[in-house]
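Okay, here's what each chain looks like letter by letter:
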Amino acid sequence: MAAVIAAPASGSGKTLLSLALLSWAQQKGRRIQAFKVGPDYLDAQLLSQASGQACRNLDLNLCGETWVRQAFHGYGGASELTLVEGVMGLFDGIGSSTTGSTADVARLLDLPVVLVVDAGGQAASLGAIVRGFRDHDPQLRIAGVVLNKVSSPRHRELLADVLERMEVPLLGCLPRSEALALPGRHLGLAPAHELEAPEQRRQAWAALASQHLNLERLVPLLQAPRPGPHPLASIPVEQGQPLPVALASDAAFHFRYQETSELLGHMGMPVLRWSPLADEAIPADAKGLILPGGFPEQHAAQLSGCTRSLSSLRAFVQQRPLYAECGGMLVLGEQLTDLDGTSHPMAGLLPFTAQRGPLQVGYRRLQARRDSPAVESGQQLVGHEFHRWELHTNRPSSDRSVLWDIEGWKVHRHSEGWVDQTVHASWVHLHWASSTTICSRWRAALESGERRSPNASSAASSPRGSNPSPNAGAG
C-alpha cells in the first residue's frame, strides 16, 4: 500500500523526498503515480515532471471523500508504485482544525505515514518531535522517519541513536544541499517549466534517493493500492456533436487540474490549446474558452502587447461562453499591475483594475446568485482561493453582474465574481471532475452558443474584436 509523505510543517522537505523517490522510480523504469494532498498546482507540476505522468490531487475539502477514494484507486491502482505527498504539516487543515488535512486523507485511505523532519541543528530534541507526531493520533501509523538537512556523519549517528531508542525506523538522511534547493515565487515554488536543466535535476534527485535513502524499506511502502475503476468511468460518454473548447495554456496560464481536460474530452468537448502569450487568435473551431489561473501578472507587459490574442478574446466573448478563474480573470480587466508595480492595459472586458494586495488563501463556500455558463442560480459549491492580487472597481455589491456570495474560515460572507450570458469569471478555483454538474452545464452553454451564433468561430479567429479599445469596460 502507498505511503503518505508528511512533515511537522511546510518547508521540512516533503517535496524534495517525493521528487527523489519519483525520479529514482522513473530512472529504474518503474511506473509510479504521484498524488498531492490539497489544491496545490505548483507542487503537482513538479511531481508530474519527475514521475513522467500527471500528478493527481487528493482534496477532501474541494472534492469530497467519494472522489478522493475513486481517484486514489482508479489512478494509483493502474501503476506499479504510488506516492502521496501531503500538504503543510501533517495535521494542518482548514483554519486551526484538522479538517481535510494530510492526516485526514491518510486515515480515509488507511495509509502509513513517512514523516520528513528538518533535523538541522537538532539531536535529542528530535525525539520530542517524533514522539509527539507518533502519539498524537493513535489511528495513524508512522512507518518511519526521513531526516532532512543532516550536516555530517556524526550528526547522522546522533539522530539515528535517538530514533533507535524510540524504536522508530530511520528510512533515510538527506544532506543539507543548496544545489538541490527549489526556487520560489510569490505564490510558492516556481513552476516546473521555469526550472533550469530539468533532466540534470531529475538525475540529481534520483542519485539522492540511491545514496541517502533506505530503499529496501521505503519501496515496499510505495506499492500501488488495489485497482479501481477509472474515476470518469461512471459518466456516460457524450455521443452528440463534438464541441471543442479552447484552453489557455502557456507560461502565464497553467493552474489547472488534469481531470478537467479529461472530463471535457469524455463529454464530447475536446481541448484545443491556445497560447495568449504567443499572440495567437483563439482556435477557429472553439465553441468555448477556459482561462485558468497562473501568473499573468508576471507576464503582464508581454500580454498587453499581444494585440491579436486580446482582440480575438474580445470578439469571442460576444457570442461564446468564457470561463475564467483567478489569474485567468485578470486578463479580462482594464489594467493589470505587474510584479514591479507597472500597470498594463488588458482586454477591457470587465470594469476593474488589478494590482498587488494582501494574500487571500483558503477554501470558500459558494452560493451562486445568477446563472452562469458553469453554475446555476442558487447552486452551492466549494472552491479554493489563492492569490496576492486584488481588484479595484466601483461596482456595488448588489449589481446584477455579481456571480456569487462566498465565505470561509475567518472570511465573512461577501459578493465576488462576474457573470453575464457568456461570462463566468471569479477568483475561485473549482474542481470540475468531482462536481460533474459544472461540466454538464458548460456543455449546455456551448450548445446554446452554437445555436445562437453559428458563425462565431470565424469572428473568434479575426484579429479585430467588436470592442477595439483595450481599456473599454464591458460590465
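Treat the numbers as computed from the prediction; the structure is a model and nothing was measured.

(A) Geometry of the state of the cysteines. The full count for this structure, using the stated rule, is 0 disulfides. In this model Cys-306 remains outside any disulfide bridge; the closest cysteine sulfur is found in Cys-326, 20 Å from its own. We classify Cys-306 as buried; its relative accessible area is 4%. Of all cysteine sulfurs, the one in Cys-63 lies closest to Cys-326, which takes part in no disulfide; the gap is 17 Å.

(B) Focus on the packing of aromatic side chains. Tallied over the entire structure, the rule returns 8 aromatic pairs. Taken together, a centroid distance of 5.3 Å and an interplanar angle of 75° make the contact between Phe-255 and Phe-295 edge-to-face. One end of the pair, Phe-255, is in strand S11 (residues 253–255); the other, Phe-295, is in the loop between strand S14 (293–294) and helix H10 (300–304), and 40 residues separate them in sequence. The exposure classification of Phe-255 matches that of Phe-295, with both residues buried. A ring pair is formed by Phe-352 and Trp-418, whose centres lie 5.7 Å apart and whose planes are at 40°; its orientation type is tilted. Highlighted residues: Phe-352 in the loop between strand S17 (343–345) and strand S18 (353–368) and Trp-418 in strand S21 (residues 411–419), separated in sequence by 66 residues.

(C) Molecular detail of the pairing of strand S20 (residues 402–408). Extensive coverage of S20 is indicated by the burial of 6 of its 7 residues. Pairing analysis gives 4 bridges linking S18 to S20, with the strands arranged antiparallel. Across the sheet, the residue bridging to Gln-367 is Asp-405, located in S20. Of the strand pairs in this sheet, S20 and S21 are connected by 5 bridges, and their pairing is antiparallel. If you follow Ile-406 over to S21, its bridge partner there is His-414. Here S20 folds back onto S21, and the loop between the two strands holds 2 residues, one of which, Lys-410, carries a positive phi near 60°.

(D) Just the sheet that holds strand S1 (residues 3–6), in detail. Across the sheet, 7 strands lie side by side as S3-S2-S4-S1-S5-S6-S7; this open sheet has parallel pairing. Each edge of the open sheet is held by one strand with a lone partner, namely strand S3 (56–58) and strand S7 (170–175). Along the sheet, successive strands turn relative to each other by an average axial angle of 25°, direction set aside. This element, helix H2 (residues 42–51), spans strand S2 (32–37), S3 and strand S4 (81–85) of the sheet and lies at about 175° to S2. Contacting S1, S2, S3 and strand S5 (113–118), helix H4 (residues 102–109) runs over the sheet at an angle of about 170° to S1.

(E) Highlighting the nonpolar core. Among the nonpolar cores identified, the biggest contains 78 residues, and Leu-58, Leu-147, Met-269, Trp-404, Leu-430, Trp-432 and Trp-442 are the most heavily contacted of them. A total of 8 residues in this core trace back to one element, the largest contributor, which is helix H3 (residues 60–76). Ignoring any residue separated from it by four or fewer positions in sequence, one finds Leu-58 in contact with Phe-35, Lys-36, Val-37, Gly-38, Val-68, Ala-71, Phe-72, Val-84, Val-105 and Leu-109. Counting residues in hydrophobic clusters, the runner-up holds 37 residues, among them Cys-55, Leu-171, Leu-174 and Trp-205.

The rules we used
What you see as residue numbers is a count from 1 along each chain, following the sequence as written. Local features in a predicted model are, by the rule used here, given only for residues with pLDDT of at least 70; side-chain atom pairs are given and counted only at 80 or more, and totals for whole chains, interfaces and linings are based on all residues. Side-chain measures were taken over the full set of non-hydrogen atoms in the model, leaving aside hydrogen atoms and water. Throughout, a disulfide means two cysteine sulfur atoms within 2.5 Å of one another. Type-normalised accessible area, obtained with a 1.4 Å probe on protein chains alone, sets the label of each residue: buried when under 20%, exposed when over 50%, and partly exposed for intermediate values. The aromatic pairing rule takes the rings of Phe, Tyr and Trp, using the six-membered ring of Trp, and pairs them if the centres are within 6.5 Å, calling planes under 30 degrees apart stacked, those over 60 edge-to-face and the rest tilted. A run of H or I in DSSP becomes a helix once it reaches four residues, and a run of E becomes a strand once it reaches two; helices and strands are each numbered from the N terminus. Only strands that DSSP links by at least two bridges are regarded as paired with each other. With axes taken as lines fitted to C-alpha atoms, and helix axes fitted only over the stretch in contact, angles between N-to-C directions fall between 0 and 180 degrees. The contact rule is simple, with two residues in contact once any of their heavy atoms fall within 4.5 Å. In these notes, a set of buried Ala, Val, Leu, Ile, Met, Phe, Trp, Tyr and Cys residues joined through side-chain atoms within 4.5 Å is what counts as a nonpolar core.

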